[in-house]
Amino acid sequence: MDALPPDRSGTTTSRLDRIIDTALAERRIVGAVVLAAKDGEIVYRRAAGLADREAGRPMQENAIFRLSSVTKPIVAATSLALVERGAFGLDTEIASILPEFRPSLPDGSVAPITIRHLLTHTAGLSYRFAQPEDGPYAKAGVSDGLGEPGLTLSENLRRIASVPLQSAPGTAWAYSVALDVLGGVIEAATGKLLQTVVADLVTGPLDMHDTAFTVTDRARLAVPYDNATPEPVRMGAHHVVPYEHMKIGYAPDRIFDPNAFPSGGGGMAGTAPDILSFLETIRTGGGKILRPETVADALRDQIAGLPILRPGLGWGLLSSVLRDPKAAETPQSPGTLAWGGVYGHSWFIDPAERLTVVTLTNTAIAGMTGDFPNAIRDALYDNT
């Protein structure tokens, strides 16, 4: 199914407005910014609802959100820029850069982990929230990059390395703290802080002035909320959100803590226009940050048929890659890149349709997955 042309009739605009208005009226989300670009032209833009419900502050298009996993493709692109500069290769063993990071397999043997394994979540690592509450990451005090203010990167890497891998590198896909480990690799390889390298190689060249591991303007920061009935609940200092069989721990003020490590998997804050600019740069071949051949490789499914969280999806060097639209139950084209963030975000790039969409909300988990982001996606492909 073809995605929307520039919406001269207003049908798609009306449909998207109705989806957002309904989600707000039903109190499934508190606020959102939605941007869609076709052929580089913005065909839909809207800021709706409230950035701070209790203060009555309206959502603005330049609102700053805690990005959670929207951070991942930015840090992944940073590492690819370093590959282009010869700092390391995709198949470089990370122990050659981080000698202290040598997690073993359950039998005690050590298997090499490469940069490619980290980028594709095939390193044998995990997330604390993906394990039982008393699982090995919890016992080791591993941070998922969303909580544990004050924890240093070196200490978190030590804790991660103390836990046996759950699979041999390259043999299975598991969503994981791999991008946090990659942040440590980037720091060791460059001798610079991760936030400096990201700014030098990605956010700076793209003029993403509001996207960083700190908040550039607290007055524009959206308050985070948690799904609840009858309406979302404002997150507290330490907040747990149930999601499927998991419990995800948040510390929203972590973003203000200068001692908290810069989480390459979830530690940035930024705006929808900045994220759209980044994603459009990827869609159009890399612009100022990456070579076209690097981007082409990044968009390719890298994991040789290994299953991931949902049917029909593979994984590239930046995000999921759509293998089979029918299996994934989506109107998007094969090769579509997509992911989200547990603070309530979703995004996708459909290269075949030249369509890029960013949906940032301040409501976990409803803005990331389920009825709301799916309805936004489907409306963009419904030309009836």
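Only a predicted model underlies this, so the values are computations on that prediction, with no experimental measurement involved.

**Student:** Is there a simple way to explain the environment of Y250 in this structure?
**Tutor:** Position of Y250 relative to the elements: it lies in strand β8 (residues 246–250). By relative accessible area, Y250 is classed as buried at 2%. The residues touching Y250, leaving out its near neighbours within four places in the chain, are L146, M235, A237, H238, H239, V241, V342, Y343, A364 and I365. At 2.7 Å, the side chain of Y250 and the backbone oxygen of V342 are in polar contact.

**Student:** Can you help me understand helix α6 (residues 178–190) in this one?
**Tutor:** Think of an α-helix as turning once every 3.6 residues; residues three or four places apart then point the same way. Taking 1.5 Å per residue, 13 residues should reach 18 Å; α6 reaches 18 Å between its end C-alpha atoms and fits that length. Counting buried residues in α6 gives ten out of 13 residues, a clear majority hidden from the surface. When α6 is considered as a whole, its buried residues turn out to be A178, L179, D180, V181, L182, G183, G184, V185, I186 and E187. The elements touched by buried residues of α6 are α2 (71–84), α3 (115–119), α5 (153–161) and α7 (194–203). Just past α6, the residue G191 takes up positive phi, approximately 75 degrees.

**Student:** Help me understand the sheet that holds strand β14 (residues 355–361) in this model?
**Tutor:** As a general point, the strands of a sheet are linked pairwise by backbone hydrogen bonds and lie either parallel or antiparallel. The strand order across the open sheet built from eight strands is β3-β2-β1-β14-β13-β12-β11-β10, with neighbouring strands paired in antiparallel fashion. The open sheet terminates on both sides in strands that have one partner only, identified here as β3 (57–58) and β10 (313–315). Sheet topology places β10 next to strand β11 (residues 320–322); three bridges connect them, and they run antiparallel. Residue pairing for β11: W315 is matched across the bridge by S320. Strand contacts of helix α1 (residues 11–25): β1 (31–38) and β2 (41–52), with the helix running at about 15 degrees to β2, the strand carrying the most contacts.

**Student:** I'm lost on the packing of aromatic side chains in this one. Help?
**Tutor:** The description of an aromatic ring pair uses the distance of the two centres, along with the angle that the planes make with each other. Counting across every chain of the model gives nine aromatic pairs. Seen from their ring centres, W173 and Y175 are 6.1 Å apart, and the 15 degrees between their planes marks the pair as stacked. Under the relative-accessibility criterion, Y175 is labelled buried at 14%. On the basis of an interplanar angle of 85 degrees and a centroid distance of 4.7 Å, the ring pair of W315 and W339 is categorised as edge-to-face. Of the two residues, W315 sits in strand β10 while W339 sits in strand β12 (residues 337–341), which places them 24 residues apart along the sequence. Taking relative accessible area as the criterion, W315 reaches 2% and is therefore assigned buried. Take W339: its relative accessible area is 14%, and that puts it in the buried class. Members of the aromatic cluster, connected to one another through ring pairs, are Y127, F129, W173, Y175, W315 and W339. Above the plane of the ring of F256 lies R218, whose end atom (NZ or CZ) is 3.8 Å from the centre. A cation over an aromatic ring shows up here: R254 above the ring of F261, its NZ or CZ 4.6 Å from the ring centre.

**Student:** Looking at this structure, I do not really get the nonpolar core. What am I missing?
**Tutor:** What tends to happen in soluble globular proteins is that the nonpolar side chains get buried as a cluster. Core analysis: the largest hydrophobic core is formed by 98 residues, its most contacted members being F101, L118, L125 and F278. With seven residues, α2 is the largest single contributor of residues to this core. Non-local contacts of F101, meaning those with residues more than four positions away in its chain, are made with I94, A95, I113, L125, L157, I160, A161 and V181. Core analysis: the second largest hydrophobic core is formed by 21 residues, I29, V43, A48 and V357 among them.

**Student:** Explanation requested: the side chain of Q302 in the structure shown.
**Tutor:** Structurally, the position occupied by Q302 is in the loop between α9 (292–298) and β10. For Q302, a relative accessible area of 15% corresponds to the buried category. A polar contact is formed between the side chain of Q302 and the backbone oxygen of D297, at a distance of 2.9 Å. Sequence-distant contacts of Q302, that is, excluding residues within four places in its chain, are made with R116, T120, D297, W315, G316 and L317.

**Student:** Help me understand α7 in this model?
**Tutor:** Within α7, burial applies to L194, V197, V198, L201, V202 and T203. One side of α7 holds all its buried residues, which, seen down the axis, span an arc of 150 degrees. Considering only its buried residues, α7 is in contact with α2, α6 and α8 (272–283).

**Student:** Explain the sheet that holds strand β5 (residues 225–226) here, please?
**Tutor:** Spatially, the three strands line up as an open sheet ordered β6-β5-β15, and their pairing is mixed. Whereas interior strands pair on both sides, the edge strands pair on one side only; in this sheet they are β6 (233–234) and β15 (363–364). Of the pairings in the sheet, the one linking β5 to β6 comprises two bridges and is antiparallel in character. Within β6, the position partnered with D226 by the bridge is V233.

Thresholds applied
Residues numbered from 1 in each chain as written. Predicted model: local features only at pLDDT ≥ 70, side-chain atom pairs only at ≥ 80, totals over all residues. Heavy atoms only, no water. Helix = DSSP H or I, 4+ residues; strand = E, 2+ residues; numbered from the N terminus. Buried < 20%, exposed > 50% of the residue type's maximum accessible area, 1.4 Å probe, protein only. Contact = heavy atoms within 4.5 Å. Polar contact = N/O pair within 3.5 Å; in protein donor to acceptor, adjacent residues only side chain to side chain. Expected span 1.5 Å × (residues − 1). Pairing = 2+ DSSP bridges. Axes fitted to C-alpha atoms, helices over the stretch in contact; angles between N-to-C directions. Phe/Tyr/Trp six-rings, centres within 6.5 Å; stacked < 30°, edge-to-face > 60°. Lys NZ or Arg CZ within 6 Å of the ring centre and 35° of its normal. Core = buried A, V, L, I, M, F, W, Y, C linked by side-chain atoms within 4.5 Å. Arc of directions from axis to C-beta.

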